[in-house]
Amino acid sequence: MEFTSSHPVSIHLLPADACKLQDRTFSTEQTPAGNYQPASVFMSPASQLSPKFYISVVNLTPHRFILENTHSYQMSTFDFGDVPQGKSRQNAIKYRNRIATQDDAGEAYYRIDGTNKKFALRVKGTGPLVDQRSVTLDLSGMNLGQRIYQFPGGESSVTLVITGSSKYGFYASLRHDRGGWMRWIYNTIKDRPVRHLFLPGTHDSGMSKITNKIRSIGNSFNTQNQGINIYDQLRAGARWFDLRVGSVHDDNNPARNLGFHTLHVNDETATVCIGNSGESLDEVISEINLFTRENPGELIFLSVRYLIGRYETPDRGPIYWDAQLWNDFLSKIRGVNNRCPNLDTSVPFQNQPASYFMDRNDGKGCVIFLLNGQNLKDVPKEAVGDGLYAQNRIGVRDHWSNIQDINALAPDQISNWKDLKRGGDKDFGQFHIAQWLATPNAVASTAYSLQGFAIQQVNPALYWAGVAGMSPESWPNVMMVDYIGVQQRHQLSWNMLSAEMYWLGIGMNLYVISENCDVNKLKSPLVKARDLESAGGEKSWNGIIFADGRSIDHPSPELHPGHTTILRNGTIFANGTVLETTIPNPWI
């Protein structure tokens, strides 16, 4: 039959690789609510005696993680379940006894829907004390190795993040990949405006050590916010840095500048300020240059404030920078490689595509200084020709909760970014910074340390509560944390760090944001055939990383630490069945 019409017909065909809403895999299913570490447990000297622990699993893939079976021995709770696509689940464990024995054991076995990939989570006591309880994340069934963690403290958790897909290749947080993750996923993010990226960030980034350049009561407990320096923070995935830089001056000769240092004080303009100094500006510059030399093509934001002088004994108020101090500071910054001078300031930076910055310097990327110049009086507030820009060149919405307890902090942060809509006619046009960090009072921070708050209460909650509050339409641009990568107190060597934030950053950009067709115009990279982009990632590795940081690259295929070879009488299975006789473990 011939079709005729008196009106012209316009037919718009989408290209075969276009992003389509009907192809979305991100699940709308809600996983069970998790539990924050109670303040009463965290602040209790007996916190290590708590029999409760958690393992959080974050699924940043288009495949459902299906729980096949579990078994547990000497546990009153062993509550594991499926993890839908784009979601997280906090799995709960409670031992019957407060004192661990070698018989404490539980295993959960998962398969990744639509693939032949499997992984297991194993919990076991390794000695008579609760802090000798450990978890093995066994991803050998995905060719991604195994890693053993000790639980970091009473009623806290260990986290596993998995991203990728059967077509793209799978990746997990057992260890860090190469440092240059933005260049690796360049094809995915290059056309997105910066406001449509997700970037890990660090709070008080220069405070990875206490250097005592000012005489104050600030110490590692109440003033140090990071455990690793700027170079390692970059390797751990951070791309937004909160740098607070000041000059330190001779008490007897204020004209004598003793050097520029990162500082963390209660009020940089107060007559008497309390805090301390961290890395020197020279160290920060050297570390940035080392990273960009090894990993060209990244986009790095340095948000710099304070920009003021203090006496060695900070009891006589501030020293505002004059032209000499400003020029000395500028001279230092000129030593940073891959700065990006003379950017187009007629367009707010958050509206420029990522490639606008990443392609600068012949593809070596951009190190962008954003100056909060509220303390700069009679000197310039930016130096565009040297790549230093006023903070307002990027439209920032920065949300600080100013809350000590995680059970109030997390909902406050989540509600702020859930109000944002990304993409479409009502797209949120600013760059939103989430400060996922506790603000303890002076007594609490000194008694329990900023490190303790970060690694026991705050950071673990990000992966079940924070991720649950994100969707393809709502997410923060920067997730700012304290003690990035630190999983155990004072375990700061690179081989002891965990990589959850690194892979959260990659997975949010590759998967969650890519499922928003108003942001990502082409089909999600995780559902397309494997391309050259994914070939730049980590190659298959099936080794073992032990709790003390030692590793074996090529273990025997039979070596599975913590595996329960014998299921004892009294073992409880996922369906509630209780084993009445001791048998060999059928899942070995």
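Reading the values: the criteria
Residues numbered from 1 in each chain as written. Predicted model: local features only at pLDDT ≥ 70, side-chain atom pairs only at ≥ 80, totals over all residues. Heavy atoms only, no water. Buried < 20%, exposed > 50% of the residue type's maximum accessible area, 1.4 Å probe, protein only. Helix = DSSP H or I, 4+ residues; strand = E, 2+ residues; numbered from the N terminus. Pairing = 2+ DSSP bridges. Axes fitted to C-alpha atoms, helices over the stretch in contact; angles between N-to-C directions. Parallel < 35°, antiparallel > 145°, perpendicular 65-115°, else oblique. Left-handed = near helix turned anticlockwise from the far one by under 90°. Contact = heavy atoms within 4.5 Å. Nonpolar A, V, L, I, M, F, W, Y, C, P; charged D, E, K, R; others polar. 1 Å grid on protein atoms, 1.4 Å probe; cavity = no way out; pocket = protein on both sides within 12 Å on 5 of 7 lines; lining within 4 Å. Points joined across faces, edges and corners; volume = space filled by probe spheres on them. Disulfide = S-S within 2.5 Å. Phe/Tyr/Trp six-rings, centres within 6.5 Å; stacked < 30°, edge-to-face > 60°. Lys NZ or Arg CZ within 6 Å of the ring centre and 35° of its normal.

An unreviewed UniProt entry annotates the protein as 1-phosphatidylinositol phosphodiesterase originating from Podospora pseudopauciseta.

## Quick notes on the pairing of strand β11 (residues 199-202)
Here β11 shows two buried faces, one formed by Leu-199 and Gly-201 and the other by Pro-200 and Thr-202. Bridge count between β11 and strand β12 (residues 240-249): two bridges; the pairing is parallel. Note on β12: the bridge partner recorded for Thr-202 is Phe-241.

## Focus: the packing of helix α11 (residues 450-468) against helix α12 (residues 500-512)
Contact geometry of α11 with α12 gives a least axis separation of 11 Å together with a crossing angle of 20 degrees. By the angle between their axes, α11 is roughly parallel relative to α12. Here the hand of the crossing between α11 and α12 comes out right-handed. For the pair α11 and α12, contact is made by Leu-462, Tyr-463 and Val-467 and by Glu-500, Met-501 and Leu-504, respectively. Each residue belonging to the contact of α11 with α12 can be placed in one class, and the counts come to five nonpolar, no polar and one charged.

## Some words on empty space enclosed by the protein
Scanning the entire structure with this criterion turns up six cavities of 30 Å³ or more. There is about 200 Å³ of room inside the largest cavity. Around the largest cavity, the lining comprises 19 residues; the ones closest to its centre are Asn-459, Tyr-463, Val-486, Ser-498 and Glu-500. Contributions of two or more residues to the lining of the largest cavity are made by β9 (157-165), α11 and α12. Residue contributions to the lining of the largest cavity peak at five residues, all from α11. Looking at side-chain class alone, the lining of the largest cavity contains eleven nonpolar, six polar and two charged residues. Reported here for the second largest cavity is a volume of approximately 80 Å³. In this structure, the second largest cavity is lined by Cys-19, Lys-20, Asp-23, Arg-24, Ser-514, Glu-515, Cys-517, Lys-523, Ser-524 and Val-527.

## Side note on the layout of surface pockets
If you add up the space inside the largest pocket, you get close to 910 Å³. A per-class count over the lining of the largest pocket returns 14 nonpolar, 16 polar and eight charged. Taken as a whole, the second largest pocket spans an internal volume of roughly 380 Å³. What lines the second largest pocket is a set of 17 residues, among which Tyr-109, Ala-120, Asp-138, His-563 and Trp-587 lie closest to the centre. No other element matches strand β6 (residues 118-125), which puts four residues into the lining of the second largest pocket. In terms of residue class, the lining of the second largest pocket is made up of six nonpolar, six polar and five charged.

## Things to note about the state of the cysteines
For the structure shown, the criterion picks out two disulfides. Paired through a disulfide, Cys-19 and Cys-517 show a sulfur-sulfur distance of 2.1 Å. Because the sign of the S-S torsion sets the handedness, a value of about -75 degrees for the bond joining Cys-19 and Cys-517 places this disulfide among the left-handed ones. Pair noted here: Cys-19 is in the segment before α1 (39-42) and Cys-517 is in the loop between α12 and α13 (532-535), with a separation of 498 residues, a long-range link. Residue classification places Cys-19 among the buried residues on the basis of a relative accessible area of 14%. When the cysteines engaged in disulfides are numbered in sequence order, the protein pairs them as 1-4, 2-3.

## Here's the deal with the packing of aromatic side chains
Under the defined criterion, the tally for this structure stands at 23 aromatic pairs. Aromatic pair Phe-78 and Phe-80: ring centres 4.4 Å apart, planes at 40 degrees, arrangement tilted. In this structure Phe-80 comes out as buried when scored by relative accessible area, which is 8%. With 4.9 Å between their ring centres and 5 degrees between their planes, Tyr-110 and Phe-119 make a pair best called stacked. Of the two residues, Tyr-110 and Phe-119, both sit in the buried class. Members of the aromatic cluster, connected to one another through ring pairs, are Trp-240, Phe-301, Phe-349, Tyr-356, Phe-357, Tyr-389 and Phe-431. Here the guanidinium or amino end of Arg-235 rests over the ring plane of Trp-494, the centre of that ring lying 3.9 Å away.

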